[in-house]
Amino acid sequence: MSPSRSVALVTLGCARNEVDSSELAGRLAAAGWSLVEDAAEADVAVVNTCGFVEQAKKDSVDALLEAADLKDEASQARTKAVVAVGCLAERYGTQLADSLPEADAVLGFDSYPELAQHLEDILSGHRPASHVPRDRRRLLPVSPVARQQARRDGHSVPGHEDLPAGLAPASGPPVLRRLLDGRPWAPLKLASGCDRRCSFCAIPAFRGAFLSRPPEEVLTEARWLAEQGVKELFLVSENTTSYGKDLADLRALEGLLPRLAEVDGIERIRVSYLQPAEIRPGLIEAIGGTPKVAAYFDLSFQHASAGVLRRMRRFGDPESFLGLVRRVREIAPTAGIRSNVIVGFPGETEADLADLHGFLCEAMLDVVGVFGYSDEDGTEATGLDGHLEPEEIDDRLARTTDLVEQLTSERAQARIGERIEVLVEGHEDGLAWGRGAHQGPDVDGITTIEAGSHLFDPDREAEIGSFLRCVVNGSEGVDLIARPA
C-alpha cells in the first residue's frame, strides 16, 4: 500500500458505534493507513452509520452524501472514495447501495477484518460486492450458555474480537483500538446483541443475539484505556442487565464493577442501558454503593402504561416503575436517573398517555428522551392495529416533550446546593465545563463551572481530565451551574 494513503472515520449514532469506529481505526492504523479527522483531507471517508430510527437513517444518508460531494473536482478536497459501514449498511446492504450510488462501497460487519484491503481495492478501481443483509440472530445457538463455545469455535459475532482472522467479527481485538479524540472518557463495550423481542425494535436482527465479553477481556481493555489517559469508563451494550447470562453468572456485572474500580488511573465508571424488567436489587446496590461507580441509572422504560408495554412486548406499569425509582433513591439519594419513552405507539389511547405523563410527574427523572413512534422495517409493530395518524403522533410528541422539559428543569433546580464532583471536559468562553456523576456523556446535561481566581491555573484543578469538587448554585434547563467547593 502507498504510504500516503489516508482515511477519515465519520461516526454517527450511539456510543457502541464509537467503539466500533475506534476499533476500525486501530485495524486501519495497524495496516499502515494514516488517520485524519477531516474527510476532505482523506483519500477515503468511511462513514460509520446508524440505522436505529428514521431520523438516524436520514442523518446517516446525509453524512454519506456530504462526504460524496467532496469527490467533486470543484471541491478541491483530497477525497477519492466514500464507504458506508455500520448499522445502516449492515441492515440494508444492497438496498442502500442501489439507492445511494454516490457511495463507492456498502460493507457490513463481516467486512471489518479486511477493511484495510477493501479500501485499497476501492482506490485501485475494484469495487467490492455490496453487503447482503441477513438475520444475525441466527448466527449463534438459541441457548445463551452455548454461545461462548460457539464464539470459540469461530462463529461470526459482531463486536467480539478474539475470533481467528477472516471469521468476521465486527471490531478489533480488545486493545487494537485507536482513540479518535482527546476526551477524558471513553466507551467500553461489555457485550453485543440483544435477545429481547421488543415489537418496535429492529436492532437484534442486525446486531445479533446477546453475547457477553469475558470479564478478563473487559479488564484488559479498561487497563489499556487508562494508559491512554482515560479517566471515566462508559460501559455500553444493547442490554447491560443481561451481562453474564451466557457466562453462567447472572451477577457477573456486580462482580466486574469492583474489579474495574481497581484499575489504576480510572476514576469513574458509568453503566448504561439497563432494562427495568431485568434489573436486580444486587445490581442497584453495586451501582449505587461501589466506590468510583457513578450513581447513574440509565433505565429503558419506553412507556408506563401496562397495556402499551404489553404491545411493545415489554413488562411493567407505573407502580412497579415508581417502586424501582424509589429503590434507587433509597440507596443513592442523589442518583441520576434517565430514560427514553415512545409516544404514539399503535393502540396508545389518551388514557395510556395520561399514565405515562403521571409516571413522569411522580418519577422526576433527570433526563428523558422523547420519541414519536415510527414504523421500522421488519418489526412486529408495523403489523399491529391501531396506528395513529402522523399529526396525532406529532401532537403527543409535542405535549410530552413540553412536560418533560418542565419536569427535568425542576429536577435540575432541585439539585441547587448539592455537592458534586465534575469531570472537566473542556473550556469555553472563559469557563470550564464537564459532567457530574449524574450526567451521562453526550445525551444528558452538562455542568458549567464558574471561574475562580485559580480555575485555569495549569497547576491547579481545572485541567481537562481532572475532577473538581463543586457546589451547584444554578441551573438552565437540565444543565447545571456550579462553583468550586
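The notes below deal with the structure included here. (Residues numbered from 1 in each chain as written. Predicted model: local features only at pLDDT ≥ 70, side-chain atom pairs only at ≥ 80, totals over all residues. Heavy atoms only, no water.)

## Focus: the overall build of the protein
Regarding its fold elements, the protein presents 14 helices and 18 strands. At 23 Å, the protein has a C-alpha radius of gyration in line with the 23 Å of a compact globule built from 485 residues. Along the three orthogonal principal directions, the C-alpha set of the protein runs to about 65 × 60 × 50 Å. Out of the 485 residues belonging to the protein, those deemed buried represent 55%. Counting contacts in the protein only where the partners sit at least 6 residues apart, residues at least 24 apart contribute 73% of the total. Entry remark: accessible area of the protein is about 19600 Å², with carbon and sulfur atoms responsible for 50%. (Helix = DSSP H or I, 4+ residues; strand = E, 2+ residues; numbered from the N terminus. Rg over C-alpha atoms; globule rule 2.2 N^0.38 Å. Buried < 20%, exposed > 50% of the residue type's maximum accessible area, 1.4 Å probe, protein only. Contact = heavy atoms within 4.5 Å. Areas by Shrake-Rupley, 256 points an atom, 1.4 Å probe, with all protein chains shown as cover.)

## Section: empty space enclosed by the protein
Applying the stated rule across the entire model yields four cavities of 30 Å³ or more. Volume-wise, the largest cavity comes out at about 70 Å³. Tallying contributions element by element places helix α14 (residues 390-413) first for the lining of the largest cavity, with three residues. (1 Å grid on protein atoms, 1.4 Å probe; cavity = no way out; pocket = protein on both sides within 12 Å on 5 of 7 lines; lining within 4 Å. Points joined across faces, edges and corners; volume = space filled by probe spheres on them.)

## So, helix α12 (residues 318-331)
When the terminal C-alpha atoms of α12 are compared, their 20 Å separation across 14 residues agrees well with the 20 Å that a helix rising 1.5 Å per residue should span. Every buried residue of α12 is listed here: Pro318, Phe321, Leu322, Gly323, Leu324, Val325 and Val328. For α12, the secondary structure elements touched by its buried residues are α10 (281-289), β11 (296-298), α11 (306-311), β12 (336-343) and α13 (350-363). A side-chain oxygen of the first residue of α12 lies 3.1 Å from the backbone nitrogen of Glu319; this N-cap is Asp317. (Expected span 1.5 Å × (residues − 1). Polar contact = N/O pair within 3.5 Å; in protein donor to acceptor, adjacent residues only side chain to side chain.)

## Some thoughts on a negative patch on the surface
Together, Glu66, Asp69, Asp72 and Glu102 make up a negatively charged patch on the protein surface. Among the secondary structure elements, Asp69 is positioned in helix α2 (residues 54-69). (Patch = residues over 30% accessible without salt bridge, like charges linked within 9 Å, V, L, I, M, F, W, Y side chains within 5 Å. Salt bridge = Lys/Arg side-chain N within 4 Å of Asp/Glu carboxyl O. Lys, Arg positive; Asp, Glu negative; His and termini not counted. Charge placed at Lys NZ, Arg CZ, Asp CG, Glu CD.)

## Considerations on the pairing of strand β13 (residues 367-372)
Across a regular strand the side chains alternate sides, sitting on one face of the sheet and then on the other. Examined bridge by bridge, β12 and β13 share six bridges and lie parallel to one another. Counterpart to Arg338 in the pairing with β13 is Val367. The β-α-β motif built from β12, the intervening α13 and the parallel element β13 has right-handed crossover chirality. (Pairing = 2+ DSSP bridges. Right-handed = clockwise from strand over helix to strand, strands pointing away.)

## Some points on the sheet that holds strand β14 (residues 419-428)
Ordered in space as β14-β15-β16-β18-β17, the five strands form a closed barrel in which the pairing is mixed. Strand after strand, the sheet turns through a mean of 50 degrees between neighbouring axes, direction not considered. Pairing geometry for strand β16 (residues 447-449) and strand β18 (residues 479-484), over three bridges, is parallel. In the strand pairing of β18, Thr448 is matched with Ile481. (Axes fitted to C-alpha atoms, helices over the stretch in contact; angles between N-to-C directions.)

## Points about the sheet that holds strand β10 (residues 268-271)
Ordered in space as β6-β9-β10, the three strands form an open sheet in which the pairing is parallel. Each edge of the sheet is formed by a strand with only one pairing partner; in this case those strands are β6 (185-189) and β10. Pairwise comparison of adjacent strand axes, ignoring direction, gives a mean angle of 25 degrees for this sheet. Two strands pair when backbone bridges link them, and β6 and strand β9 (residues 232-236) are joined in this way by five bridges, in the parallel orientation. Opposite Leu188, over in β9, you have Leu235 as the bridge partner.

## Comments concerning helix α9 (residues 252-261)
The element α9 is largely enclosed, with a buried count of seven among its 10 residues. Every buried residue of α9 is accounted for by Ala252, Leu253, Glu254, Leu256, Leu257, Leu260 and Ala261. Lining the buried residues of α9 we find α8 (215-227), β9, β10 and α10.

## Section: the packing of aromatic side chains
Throughout the structure, instances matching the rule amount to seven aromatic pairs. Look at Phe301 and Phe321: their rings are 4.6 Å apart centre to centre, the planes differ by 45 degrees, and that puts the pair in the tilted class. With Phe301 in the loop between β11 and α11 and Phe321 in helix α12, this residue pair connects regions lying 20 residues apart in the sequence. By relative accessible area, Phe301 is classed as buried at 1%. Take Phe321: its relative accessible area is 4%, and that puts it in the buried class. In textbook terms, an aromatic cluster arises when at least three aromatic residues are bridged by ring pairs, as seen for Phe200, Phe345 and Tyr373. (Phe/Tyr/Trp six-rings, centres within 6.5 Å; stacked < 30°, edge-to-face > 60°.)

## Regarding the nonpolar core
Judged by nonpolar contacts, the single largest core of 66 residues is most densely connected at Leu233, Leu235, Leu257, Leu260, Ile269 and Phe297. Discounting chain neighbours no more than four positions away, the residues touching Leu260 are Val218, Leu219, Ala222, Leu233, Leu235, Ile266 and Ile269. Residues Val46, Ala81, Val83 and Tyr112 belong to the second largest nonpolar core, which totals 24 residues. (Core = buried A, V, L, I, M, F, W, Y, C linked by side-chain atoms within 4.5 Å.)

## Points about the layout of surface pockets
Quantified by volume, the largest pocket comes out at close to 1300 Å³. Looking at the largest pocket, it is lined by 50 residues, and the ones nearest its centre are Cys14, Arg16, Phe52, Asn340 and Phe371. For the lining of the largest pocket, the element with the most residues is α2, which contributes five residues. Taken together, the residues of the lining of the largest pocket sort by class into 26 nonpolar, 11 polar and 13 charged. Volume-wise, the second largest pocket comes out at about 440 Å³. Leu9, Thr11, Leu179, Leu180 and Asp181 are the residues nearest the centre of the second largest pocket, which is lined by 23 residues in total. Looking at the lining of the second largest pocket, the elements that each hand over two or more residues are β1 (6-11), α1 (15-30) and β6. At five residues, the largest contribution of residues to the lining of the second largest pocket is made by β1. Its residues assigned to classes, the lining of the second largest pocket shows 13 nonpolar, four polar and six charged. (Nonpolar A, V, L, I, M, F, W, Y, C, P; charged D, E, K, R; others polar.)

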